[in-house]
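Breakdown of the fold
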Amino acid sequence: MKRDLTSRAWGQGSVGAMKNWRYVTLHSLAASAFIFLLQRYALNASLETSLMWMLAFGACAAVLATMQSNR
């Protein structure tokens with residue numbers, strides 16, 4: 001039976017925490033890109049409006065992903 005050397009070297013839980021942060025980052029990036037492209041090209045919004053919605057949706061997606069990963 002082999003042991004996971006990474007979790008033993010860095011301590012318990014740090015590998016799981018890294019996966020959670022990666023999940024949160026990818027989730028917020030995907031939501032940001034989606035809403036930017038939707039606003040900018042599908043709805044013909046201005047660049048400022050698209051960036052504002054991108055930041056808002058990215059932040060909301062990060063909060064939701066953090067809450068989901070902590071369950």
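Positions within a chain are numbered from 1, following the residues in the order the chain's sequence is written. A pLDDT threshold of at least 70 governs which residues receive local features in this predicted model, and a stricter bar of 80 or more applies before side-chain atom pairs are shown or counted, although totals over entire chains, interfaces and linings include all residues. Values shown for side chains rest on all heavy atoms present in the structure; no hydrogens or waters enter the calculation.

Here the focus is the overall build of the chain. Helix and strand counts for the chain stand at three helices and zero strands. Accessibility here uses a 1.4 Å probe with only protein chains present; expressed as a share of the type maximum, an area under 20% marks a residue as buried, one over 50% as exposed, and anything in between as partly exposed. Here the chain holds 71 residues, and the buried ones make up 20% of them. Residue contacts are counted whenever heavy atoms from the two residues lie within 4.5 Å of one another. Sequence separation of at least 24 residues holds for 48% of the intrachain contacts in the chain that already meet a minimum separation of 6. For the chain, the accessible surface area stands at approximately 5800 Å², while carbon and sulfur atoms represent 67% of it. Numbering of helices and strands runs from the N terminus; a helix is a DSSP stretch of H or I covering at least four residues, while a strand is a stretch of E covering at least two. Using a 1.4 Å probe, the Shrake-Rupley method yields the accessible areas, and only the shown protein chains count as cover for residues.

With 75% of its residues at a pLDDT of 70 or more, the chain has an overall mean of 83. What pLDDT reports is the predictor's confidence in each residue, on a scale of 0 through 100. Confidence, expressed as mean pLDDT per element, reaches its minimum in the chain at helix α1 (residues 5–10) with 52 and its maximum at helix α3 (residues 47–69) with 94.

Time to look at α3. Expected span of a helix: the number of residues minus one, times 1.5 Å. Helix length check: α3 (23 residues) gives 32 Å between terminal C-alpha atoms against 33 Å at 1.5 Å per residue, within 8%. Those residues of α3 not exposed but buried are Ser50, Gly58, Ala61, Ala65 and Ser69.

Patch definition: residues with relative accessible area over 30% and no salt bridge; like charges joined within 9 Å; nonpolar side chains (Val, Leu, Ile, Met, Phe, Trp, Tyr) joined within 5 Å. By definition, a salt bridge exists where a carboxyl oxygen of Asp or Glu is found within 4 Å of a side-chain nitrogen of Lys or Arg. Taken together, Phe34, Leu38 and Leu43 make up a surface patch of nonpolar side chains, about 310 Å² in accessible area. Along the chain, leucine 43 falls in the loop between α2 (14–42) and α3.

Let us look at the side chain of serine 28. For serine 28, the position within the fold is in helix α2. In this structure serine 28 touches Gly58, Ala61 and Ala62, once residues within four positions along its chain are discounted.

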